[in-house]
Amino acid sequence: MLKDFAQQRQPALPGQALDDALQAPFGVELAAIETLFDALTDVAFFVKDRAGRYMAVNHTLARRCGLRSKQELLGKTVLDVHPRPLAQAYMDQDRQVIEAGCTIRKHLELHLYPNRRRGWCLTHKTPLRDEAGAIIGLVGTSHDLGLADEVHPVYRQIANIAQRIRDNHRQPLSLNELAKEEGLSLARVERLFQRVFHYTPRQLLLQTRLNGALSLIETDPARSIADIAIECGYTDHSAFSRQFKAFTGQTPMQYRLQCHKTEPKA
């Protein structure tokens, strides 16, 4: 089933197409970006095509995968270089980014150190588009927090809480109950969130709801703004509009106009 993700998508574009997509707007060469990230020993950098194959990586990611050189990783997928449970999680993320156009920000998850021990990192992934706006792959980073899993087991609980917030942001959530279910006080959860994410659980909930609204506005131009607000967990339409503008600098209707160049549906 893990291979279905690669098999069901459109034919993968060659690496040159990804390089061209980066060069087109800014004249930036993929190799130059790669070289920049090679200097960062605590950040893994990667570019993948639509089939999930690595098209560009830095030395840090190659070392995490137990490989001697970056070239050994090119053309491979997460299935080739990661244990199956981690590969499944990474592929699920890639599916969100490539198929739904979502951006993943500050996702707390496990990764492997060169000695194959597990540690915690913050992962970011965003779609890579060509000049026509079509998604042709993704680009991402993974920042090592220097927290070995066996030494810092509490971060597994924090990751669980963060994931439950992301998965259930459309529903009423009690952060105090989430903390209790993990055997932690809300005050400790908030301190650990600040240490890892540099924001509170409530801010993560707000960010997740607004990211969901952005995605719906971008992909469903026929849907009303009021319906989108309700879908994303808001009961107060005016509060949604205020928070949306504070987050994006635009009202929901202005953002829709920018995305679709059509009259918005109120």
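Sequence order as written defines the numbering, with residues in each chain counted from 1. Residues qualify for local features only when their pLDDT is at least 70, as the model is predicted, and side-chain atom pairs are given and counted only at 80 or more; totals for whole chains, interfaces and linings, by contrast, use all residues. Water and hydrogen atoms were dropped before computing side-chain values, which therefore reflect all heavy atoms in the structure.

## Concerning the overall build of the chain
Every helix listed is a DSSP run of H or I at least four residues long, and every strand listed is a run of E at least two residues long, numbered separately from the N terminus. Tallying secondary structure elements over the chain gives 13 helices and five strands in all. Across the 266 residues that make up the chain, the buried fraction comes to 45%. Using a 1.4 Å probe, the Shrake-Rupley method yields the accessible areas, and only the shown protein chains count as cover for residues. Summed over its atoms, the accessible surface of the chain is roughly 13600 Å², and 52% of this surface lies on carbon and sulfur atoms. Categorising residues by exposure relies on relative accessible area from a 1.4 Å probe, with only protein chains included: less than 20% of the type maximum marks a residue as buried, more than 50% marks it as exposed, and the intermediate range marks it as partly exposed.

## As for the sheet that holds strand β3 (residues 104-112)
A pair of strands is considered paired only if DSSP assigns at least 2 bridges between the two. The five strands lie next to each other as β2-β1-β5-β4-β3, forming an open sheet whose pairing is antiparallel. Looking at strand neighbours, the two that pair on one side only are β2 (54-57) and β3, the edges of this open sheet. Going from strand to strand, the sheet's axes swing by 30° on average, the running direction of each strand aside. Sheet topology note: the strand β1 (residues 43-49)/β2 ladder contains three bridges and is antiparallel. Each bridged residue has a counterpart across the sheet, and for K48 the counterpart in β2 is Y54. Throughout, a residue-residue contact means that at least one pair of heavy atoms, one from each residue, lies within 4.5 Å. Axis lines are fitted to C-alpha atoms, over the contacting stretch for helices. Their N-to-C directions set the angle, which ranges from 0 to 180 degrees. Packing against the sheet, helix α7 (residues 154-167) makes contact with β3, β4 (118-129) and β5 (135-148), and its axis sits at approximately 145° to β3. Relative to the sheet, helix α9 (residues 186-197) contacts β3, β4 and β5, its axis offset from that of β3 by approximately 90°.

## Remarks on unusual backbone geometry
Located in the positive-phi region is K106, a residue other than glycine, with phi close to 50°. Position of K106 relative to the elements: it lies in strand β3. Residue K106 is classed as partly exposed on the basis of its relative accessible area of 22%.

## A look at helix α3 (residues 30-38)
For α3, the full list of buried residues reads L30, E34, F37 and D38. Seen along its axis, α3 keeps its buried residues to an arc of 110°; they face one direction. Exposed side chains of α3 directed beyond 90 degrees from the buried face belong to T35 and L36. The reported arc concerns the directions from the helix axis to the C-beta atoms and nothing else.

## Considerations on the confidence of the model for the chain
For the chain, per-residue confidence averages 84 on the pLDDT scale, and 86% of positions sit at 70 or higher. This model gives residues 1-14 a pLDDT under 50, and the stretch forms 23 contacts once residues within four places in sequence are excluded. Overall, residues 262-266 carries pLDDT values under 50, and its contacts beyond four positions in sequence, including any with other chains, amount to twelve contacts. Note on scores: pLDDT gives the predictor's confidence for each residue, bounded by 0 and 100.

## Some words on the side chain of E34
By the element assignment, E34 lies in helix α3. Ignoring any residue separated from it by four or fewer positions in sequence, one finds E34 in contact with F45, A56, V57, N58 and K70.

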